[in-house]
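# Examination of the molecular architecture
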Amino acid sequence: MQLIQQLIQGVSLGSIYGLVALGYVLIYQAWGVLNFAQGEVCAIGAFSMLELHSELGLPVWLAMPVAMIVSMAVGYLIELLSFRPLENAKGTSRLIATIGVSICVRNLLRVIFGADSFAFPSIFGDKPIEIGGLIVVPQNLWNTAFGFGLVILLNLFLRHTRVGKSMRATAQDKEAARLMGINVRRSLTNTFVMASAIGAIGGMLLAPVYLFNSNLGSVIGTKGYASAVLGGLDYASGAMVGGIILGIAECLAVALGSSAYQSVIAYIVLFLVLILKQSGIMSRKKGVEKV
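So, here's what we can say about the structure. (Residues numbered from 1 in each chain as written. Predicted model: local features only at pLDDT ≥ 70, side-chain atom pairs only at ≥ 80, totals over all residues. Heavy atoms only, no water.)

## Regarding the overall build of the chain
Of regular secondary structure, the chain possesses eleven helices and two strands. Starting at the N terminus, the α and β elements of the chain follow one another as α-α-α-α-β-β-α-α-α-α-α-α-α. A compact globule built from 291 residues should have a C-alpha radius of gyration of about 19 Å, and the chain, at 19 Å, falls within 12% of that. The dimensions of the chain, computed from C-alpha atoms along their principal axes, are 60 × 45 × 35 Å. Looking at the chain as a whole, 47% of its 291 residues are labelled buried. (Helix = DSSP H or I, 4+ residues; strand = E, 2+ residues; numbered from the N terminus. Rg over C-alpha atoms; globule rule 2.2 N^0.38 Å. Buried < 20%, exposed > 50% of the residue type's maximum accessible area, 1.4 Å probe, protein only.)

Written as structure tokens, this is what we have:
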């Protein structure tokens, strides 16, 4: 029974890791670079949610979409000021730019909110539910529903809408998309903004799980990056697979050992993937592209 309990919690945690990883994958496919500022965008969503709900008194159902809009606006500014000017630069230059943005945003959050930890409110309630001898926290159920639901909606959006198809075409081949009349610049921006929105939701759902402070973006970013690399950066659904595997691994490590092991699981996963299969477990590529 304890094993099933940990598996349920691991799937719940992993589904949100998968959302964060999906932001990495979307930007990587469109821009060809890993956005190491993605975790900070997630943190902005969480901090915005805290201010809107706890300080301004907005209900959760209203605070969440407003916080998501704030993160989308910040994501647009990051794309406009740091990604767009370096669109034709070398991959290393763009990679360094994302690290610089991450450091700037993290320190800006520290200046505004301080370095102390905050008590993030439970979004879906904290009263446990007993189901067949299992003790389930509502947060876990909702996290799982949000994680899988958003992945399904995103797939439908990318496959069945004009904007989504343009984003997919741009990610596959920019020149071919441009020749077909697609506004590549707009598609790149849409991809970045959408990745920011998904990251904001992930940040809001993960905030009650972790110690909530200005370093939250670094923690969330590491989990999302590890999940994306594990699943494969060229396969969107691999982000969710990688996230679930990481979430289950962390919960089992806590159950079998100590909570101190949870923070190192992501690094162990990265280490093993980079040694055994650099392109990820879901990737169909045989080689690995170095930047």
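## Focus: the environment of Gly100
Structurally, Gly100 is set in helix H4 (residues 91-113). For Gly100, a relative accessible area of 30% puts it in the partly exposed group. Considering only alpha carbons, one finds Gly100 and Leu205, 105 residues apart in sequence, at a separation of 26 Å.

## A closer look at empty space enclosed by the protein
Summed over all chains, the structure comprises two cavities of 30 Å³ or more. Estimates place the volume of the largest cavity at around 40 Å³. Secondary structure elements with two or more residues in the lining of the largest cavity: helix H5 (138-160) and helix H10 (236-256). Among the elements that line the lining of the largest cavity, the one with the most residues is H5, at four residues. (1 Å grid on protein atoms, 1.4 Å probe; cavity = no way out; pocket = protein on both sides within 12 Å on 5 of 7 lines; lining within 4 Å. Points joined across faces, edges and corners; volume = space filled by probe spheres on them.)

## Looking at the environment of Gly147
Of note, Gly147 is situated in helix H5. Exposure remark for Gly147: the relative accessible area of 0% places this residue in the buried category. Each C-alpha atom, one on Gly147 and one on Ile198, is 9.8 Å from the other, the two residues being 51 residues apart in sequence.

## Regarding the environment of Met194
Checked against the element boundaries, Met194 lands in helix H8 (residues 184-206). For Met194, a relative accessible area of 19% translates into the label buried. Distance in space between the C-alpha atoms of Met194 and Ile27 is 9.3 Å, their sequence separation being 167 residues. Those residues within four positions of Met194 in sequence are excluded, and the remaining contacts are Leu26, Leu154, Phe157 and Met167. (Contact = heavy atoms within 4.5 Å.)

## Comments concerning H8
Given a rise of 1.5 Å per residue, 23 residues ought to cover 33 Å, and the 33 Å separating the end C-alpha atoms of H8 matches this to within 8%. Among the 23 residues in H8, 20 count as buried, and that is most of the element. Where H8 starts, the residue carrying a side-chain oxygen 3.3 Å from the main-chain nitrogen of Arg185 turns out to be Asn183. (Expected span 1.5 Å × (residues − 1). Polar contact = N/O pair within 3.5 Å; in protein donor to acceptor, adjacent residues only side chain to side chain.)

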